[in-house]
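Structural features, examined
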Amino acid sequence: MPSDHHLPLAQLNDLDDSWTLAEGSHGDGPMLVRINNSARRWAGHPELGIRVGFAIALNHPNPGGLPDAEENRIISELEDRIRERLQAGGPVVHALAITTGTFKEFVFYLKNGECIGPVHEQLRAEVSSHQIQCMAYLDPQWDVYASFATG
């Protein structure tokens, strides 16, 4: 995965998100993956080696399909809130958004792992409409991003 490891993190403020939609399958239904093409320049950056995923279980699962429009709208607002909260904690790249008929997951790469717990707790305290799960891993090579952003 091509990357410029010399990019100063301050340039993340100017990241012009450019997204591609890929389709696949997950279990017994479709999977849509939004891939941030702009993130490719940052893939494997030595200061952005922590991957965090915020997964939101759908209240109205549709295992053979995708979320209904209203639930999708609510979760899109949560996506924006998650991204804003993580950005307040330091440099972050929103890399992927994965949608199935049972959940949506938003994948970020960031520098400051210390902000993850507080952001998750804030969201859990503020959001009563959906359960929000959070998982963080060291992923210095951006393997999960690379698995979707091929080519």
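Residues numbered from 1 in each chain as written. Predicted model: local features only at pLDDT ≥ 70, side-chain atom pairs only at ≥ 80, totals over all residues. Heavy atoms only, no water.

Overview of the overall build of the protein chain
Secondary structure summary: the protein chain contains 3 helices and 6 strands in total. Going from N to C terminus, the protein chain has its helices and strands arranged as β-β-β-α-β-β-α-β-α. Taking 2.2 N^0.38 as the reference for a compact globule, 151 residues should give roughly 15 Å; the C-alpha atoms of the protein chain span a radius of gyration of 15 Å, in line with that estimate. The principal-axis extent of the C-alpha atoms belonging to the protein chain is close to 45 × 35 × 25 Å. Here the protein chain holds 151 residues, and the buried ones make up 42% of them. A fraction of 75% describes how many contacts in the protein chain between residues 6 or more apart in sequence connect residues 24 or more apart. (Helix = DSSP H or I, 4+ residues; strand = E, 2+ residues; numbered from the N terminus. Rg over C-alpha atoms; globule rule 2.2 N^0.38 Å. Buried < 20%, exposed > 50% of the residue type's maximum accessible area, 1.4 Å probe, protein only. Contact = heavy atoms within 4.5 Å.)

Looking at helix 2 (residues 116–126)
Every α-helical turn comprises 3.6 residues, leaving residues that sit three or four positions apart pointing alike. Listing the buried residues of helix 2 in full gives Ile116, Val119, His120 and Leu123. Buried residues of helix 2 fall within an arc of 100 degrees about the axis and therefore sit on the same side. Along its buried surface, helix 2 packs onto strand 3 (50–57), helix 1 (69–88), strand 5 (103–110) and strand 6 (132–138). (Arc of directions from axis to C-beta.)

Points about helix 1
Its 20 residues give helix 1 an end-to-end C-alpha distance of 29 Å, which sits within 8% of 28 Å, the value for a rise of 1.5 Å per residue. Against the buried residues of helix 1 lie strand 2 (29–36), strand 3, strand 4 (92–99), strand 5 and helix 2. Of the residues flanking the start of helix 1, the one acting as N-cap is aspartate 68, its side-chain oxygen 3.2 Å from the backbone nitrogen of glutamate 70. Remark: glycine 90 follows helix 1 within two positions and exhibits a positive phi of approximately 135 degrees. (Expected span 1.5 Å × (residues − 1). Polar contact = N/O pair within 3.5 Å; in protein donor to acceptor, adjacent residues only side chain to side chain.)

Let's talk about the side chain of glutamate 71
Among the secondary structure elements, glutamate 71 is positioned in helix 1. It turns out glutamate 71 is buried and unbridged, and the closest side chain with the opposite charge, lysine 104, is 10.0 Å from it. Side-chain polar atoms of glutamate 71 contact the backbone nitrogen of asparagine 59, separated by 2.5 Å. A distance of 2.7 Å separates a polar atom in the side chain of glutamate 71 from a polar atom in the side chain of histidine 130. For glutamate 71, the residues in contact, after removing those within four places along its chain, are Leu58, Asn59, His60 and His130. (Lys, Arg positive; Asp, Glu negative; His and termini not counted. Salt bridge = Lys/Arg side-chain N within 4 Å of Asp/Glu carboxyl O.)

Observations concerning unusual backbone geometry
Look at tryptophan 142: it is not a glycine, yet its phi comes out positive at around 60 degrees. Locating tryptophan 142 in the fold gives a position in the loop between strand 6 and helix 3 (143–148).

A closer look at the environment of isoleucine 132
Relative to the elements of secondary structure, isoleucine 132 occurs in strand 6. Given the relative accessible area of 5%, isoleucine 132 is considered buried. Leave out the neighbours within four places in its chain, and isoleucine 132 touches Phe54, Ala55, Ile56, His120, Leu123, Arg124 and Val127.

A closer look at the pairing of strand 2
A large share of strand 2 lies buried, amounting to 6 of its 8 residues. Note that strand 1 (residues 19–26) and strand 2 share 8 bridges and pair antiparallel. Within strand 2, the position partnered with serine 25 by the bridge is proline 30. The antiparallel pairing of strand 1 with strand 2 creates a hairpin that spans 2 residues between the two strands, and glycine 27 there sits at a positive phi of about 65 degrees. Two elements, strand 2 and strand 4, share 4 bridges in a ladder whose sense is antiparallel. Its bridge partner lying in strand 4, arginine 34 is registered against alanine 97. (Pairing = 2+ DSSP bridges.)

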